[in-house]
Amino acid sequence: MITVGEYLVHCLKEFGVDHIFGVPGDYVLDLMDVFVDSSIELVCTCNELNAGYAADAYARVKGLGAVCVTYGVGGFSLVNAVVGAYAERVPLVVISGAFDRSARRNHLLLHHTTGDYNLQYSILEKATVAAVILTDAEQAPHQIARTIAACLYYKRPVYIEIPRDLVNQPCTPIGIRLYDPVNLTDRDALTEAVEEAVTLLENSEKPVILAGVEFDRFHLQDKLLKLLDVTGYPIATTLLGKSCISEMHPRFIGTYVGAIGREYVTRRVETADRVLCLGAIMSDMNLGIFTAKLDPNKLINANSDQVKIKHHFYKPIFLGSFIDGLIDRLSHKPESALDIQPASYLKTLEYQPVPDRPLTNARFYERMNHFIAGEFFVISDTGDSIVATIDLLMPEETDFIGQAFYLSIGYSIPACLGVGKASPNTRPIVFVGDGAFQMTAVELSTIIRHQLNPIIFLINNDGYTIERVIKDNIYNDLQPWKYHQLPAVFGENTWSREVRTEGELEKALDTAIGNLDRVSLLEIHLDRFDCSKGLIRLGQALRSPRS
C-alpha cells in the first residue's frame, strides 16, 4: 500500500509530468512534502496565477500539466489560468490542499474560507471537465484515476481537492483506464461523413485545408502531413493552431485570421470552392474578430468528436479516424491548379539593417523572421505581439504558443517558465508588450532562479497599444519602468540592453544568441502608435458596430 499523496504523484509521473508548479500554503504543505520527496520537481512561483500559466504552457508541450495550491486564497487566485486552459483545450490537473475533514463536519470558521466549504469546488467545477473532493482514502485512488482519465480524454482541466489529513493515509493503488477516442467512433456515421466529404472534395477545383489546434492536442500532426502528401492541397492554419506543422512546408501558405492576416492568405482561403477545416476552434480571434468570410456551404468542418458538412452533423467521430478515411479515399490534385504561394518566401526577403535608423515595428518583425531558426520555442503574449507574430515563420524544429482564443494579457512570462521546464533542449523566445509584462513581471525572478536562458523581447511602446487602436484614453497609460534594469534586480547572471536603432538591435542579437547560460532581455523602444498592420485592422474590426 502507498499513501494518497504518493498515489497522486505516481499517476502524474505515469503520464509524463516531471514538474509541478505551485505556491505553498498551510493546507497544502504536507502534500508538497510528498512532491519534494518524489521524482517530480516542485517549481514554486511568485503567485498562483503565474503557476497556472506556467503549468498551462507545460501541458501544451508535454501533453499534461499540473498545478498545486492551497485552499481559498490559492485556488481563487488560480481561476483565470484554469478558465484559459479550459477555453483552449489544455489538459491541466488542478490540485488544491484543503482543511482537515473534521473541520467540515464541525462547521468551523477557518482562515482562507468564507465558511462555505464547497465554494471553491463549486467555482472550479464550472471551469473543469471533472472535479472531485477526496473524502476517503480507499475511494481516493478511484476518484483520482477517473479524474485524470477525463483530463487526458477531453484535453481540458480537472480539479482534485485533498484534505490535509488525507494526504498521508494509506490506500490501495489502481491502474488508470484511459478512454480511446477511436473506439468511441460510430463507424456508420464515419462512413457516411467520409463519403460526403470525399465526393465534395474530389469535385472541387481549388480546395484548401485549414488546420487548428486539435492537431497539437491530440498528437495528429503525422496524419496531417500524410493527408498533405496524398492530396497535394495547400494548407493554412488558424492562429491558435500556428506551428502544428512546419511553416516552411512547401504547401503551407500562411496563418488565416480573416481580414487581419496577409491579403493572399485571406483571398486564397475565402475563394476556395471547398475548405477542409480540421481541428479548429472557430473563435472570434481565430476568425479575425469575425472578419472571416467562410461560406458554410463550402465548409467541411471536423473537430475532435464530430464532423459538420454544410448542415449535416455526424457524431461521435474522432478527428483522427476521419482523416484516415480521407487519406484512403482522396486523390492527388496537380499543384499547378491550386494557386499555392508558399509562405516560406518571407524568409527569402532581404533584410539589410541601417545602423542609425530608428527601429520600427515593421522592421523589427522583419528582422525576427530571419532570426527565428533552429530549436527555438516562440511564445507570444496577448496584444500587438500575437498579431505581429502571425507571419513569423516557424521552421520544423520551432514551436509556437500564444493564447489566441482566451487572450489573457500577461501569459507569456510565466509560460516561458513552463516551456523552459517542459522542453529543456529548446530555447524560449518571448515577445511581450510593456503592458503585458507589468502584469506578471515577477515571474522573471523564477526564470532566473531556475537558470533558464530565454531571449525576451520586451516591446516598450508606452502602454496598452492593443487598446489604443480600439479606443484611446488615459486608461491605456502606464507608469514607465526601466525594464532593462529589472533582470539585475531579480537576480545574478542576467544580461539586458535597450534598443532604439537597427544597429543596436544587431549588436544586441549577436550577444543574446551567445548567452546560453542566462536570461537575455532586450527592451525594444517603439512609438506608442507604431504597431502592426494586422493590429490596426483588428482595432477597426473591434470598433465596428455589430447587429
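Predicted, not measured: the structure shown is a model, and the values here were computed from it.

1. Remarks on the sheet that holds strand S7 (residues 158–163)
Ordered in space as S3-S2-S4-S5-S7-S6, the 6 strands form an open sheet in which the pairing is parallel. A strand with exactly one partner marks an edge of an open sheet, and here the two such strands are strand S3 (41–44) and strand S6 (130–133). Averaged over neighbouring strand pairs, the angle between their axes works out to 20° when direction is ignored. Bridge analysis of strand S2 (residues 19–22) against S3 gives 4 bridges, and the strand direction is parallel. Within S3, the residue paired with His19 across the bridge is Glu41. Taken strand by strand, helix H2 (residues 29–36) contacts S2, S3, strand S4 (65–69), strand S5 (92–98) and S7, and its axis lies near 140° from that of S4. Along the sheet face, helix H3 (residues 48–62) touches S2, S4 and S5 and points at about 165° away from the line of S4.

2. Quick word on the layout of surface pockets
In this structure, the largest pocket spans a volume of roughly 700 Å³. Along its surface, the largest pocket is lined by 24 residues, and Arg262, Ala362, Ala388, Asp391 and Lys533 are the ones closest to its centre. Those elements that place two or more of their residues in the lining of the largest pocket are helix H13 (361–371), helix H14 (384–388) and helix H21 (533–543). Of all the elements, H13 adds the most residues to the lining of the largest pocket, at 6 residues. Looking at the lining of the largest pocket residue by residue, the classes come out as 11 nonpolar, 6 polar and 7 charged. Approximately 310 Å³ is the volume found for the second largest pocket. Lining the second largest pocket are 21 residues, and of these Arg60, Val61, Asp216, Arg217 and Ile401 lie nearest its centre. Every element with two or more residues in the lining of the second largest pocket is listed here: H3, helix H9 (214–217) and strand S17 (399–401). Here the lining of the second largest pocket gets 4 residues from one element, more than from any other, and that element is H3. Considered class by class, the residues forming the lining of the second largest pocket number 9 nonpolar, 5 polar and 7 charged.

3. Points about H13
Counting buried positions along H13 yields 8 of 11 residues, so the element is predominantly enclosed. In this structure, the buried residues of H13 make contact with strand S16 (376–380), H14, strand S18 (427–433), strand S19 (455–460), helix H20 (502–514) and strand S21 (519–525).

4. What to know about the environment of Leu535
Relative to the helices and strands, Leu535 resides in helix H21. Sequence-distant contacts of Leu535, defined by excluding residues within four places in its chain, comprise Asp384, Val387, Thr465, Ile466 and Val469.

5. Points about the UniProt feature "binding site: Mg(2+)" (unreviewed entry) in the protein
Listed under "binding site: Mg(2+)" (unreviewed entry) in the UniProt record, and renumbered for this structure, are Asp434, Asn461 and Gly463. For this annotated set, covering 30 residues, all C-alpha atoms fall within 6.9 Å of each other, a compact arrangement in space. Cross-referencing the annotated residues with the largest cavity identifies Asp434, Asn461 and Gly463 as lining it. Assignment of secondary structure puts Asp434 in helix H16 (residues 434–440). When near neighbours in sequence (up to four residues on either side) are disregarded, Asp434 contacts Leu458, Ile459, Asn460, Asn461, Asp462, Gly463, Leu478 and Tyr483. Relative to the assigned elements, Gly463 resides in the loop between S19 and helix H18 (465–468). Contacts of Gly463, omitting those with residues within four sequence positions, involve Asp434, Arg468, Asn476 and Leu478.

What counts, and at which threshold
- Per chain, the residues get numbers from 1 upward, laid out in the order the sequence is written.
- Restriction of local features to residues with pLDDT of at least 70 applies here, the model being predicted, together with a cutoff of 80 or more for giving and counting side-chain atom pairs; totals for whole chains, interfaces and linings are based on all residues.
- Side-chain metrics rest on all non-hydrogen atoms present in the structure, leaving aside hydrogens and water.
- A pair of strands is treated as paired once DSSP finds two or more bridges between them.
- Secondary structure is summarised from DSSP: a helix means a run of H or I of at least four residues, a strand means a run of E of at least two, and numbering begins at the N terminus for each.
- For helices, the axis comes from a line fit to the C-alpha atoms of the stretch in contact; other axes are also lines fit to C-alpha atoms, and the angle between any two N-to-C directions lies between 0 and 180 degrees.
- Two residues form a contact once any of their heavy atoms are found within 4.5 Å.
- A 1.4 Å probe that fits but cannot get out identifies a cavity on a 1 Å grid over protein atoms alone, an open set with protein on both sides within 12 Å along at least five of seven lines counts as a pocket, and a residue lines either if it has an atom within 4 Å of a point.
- Grid points are joined across faces, edges and corners, and a volume is the space filled by probe spheres set on the points.
- For this classification, Asp, Glu, Lys and Arg are treated as charged, while Ala, Val, Leu, Ile, Met, Phe, Trp, Tyr, Cys and Pro are nonpolar and the rest, including Gly, are polar.
- The buried label goes to any residue with under 20% of its type's maximum accessible area, the exposed label to any with over 50%, and the partly exposed label to all in between, with areas taken from a 1.4 Å probe on protein chains only.
- UniProt positions are given in the numbering used here, feature names are shortened, and annotations may be inferred rather than shown by experiment.

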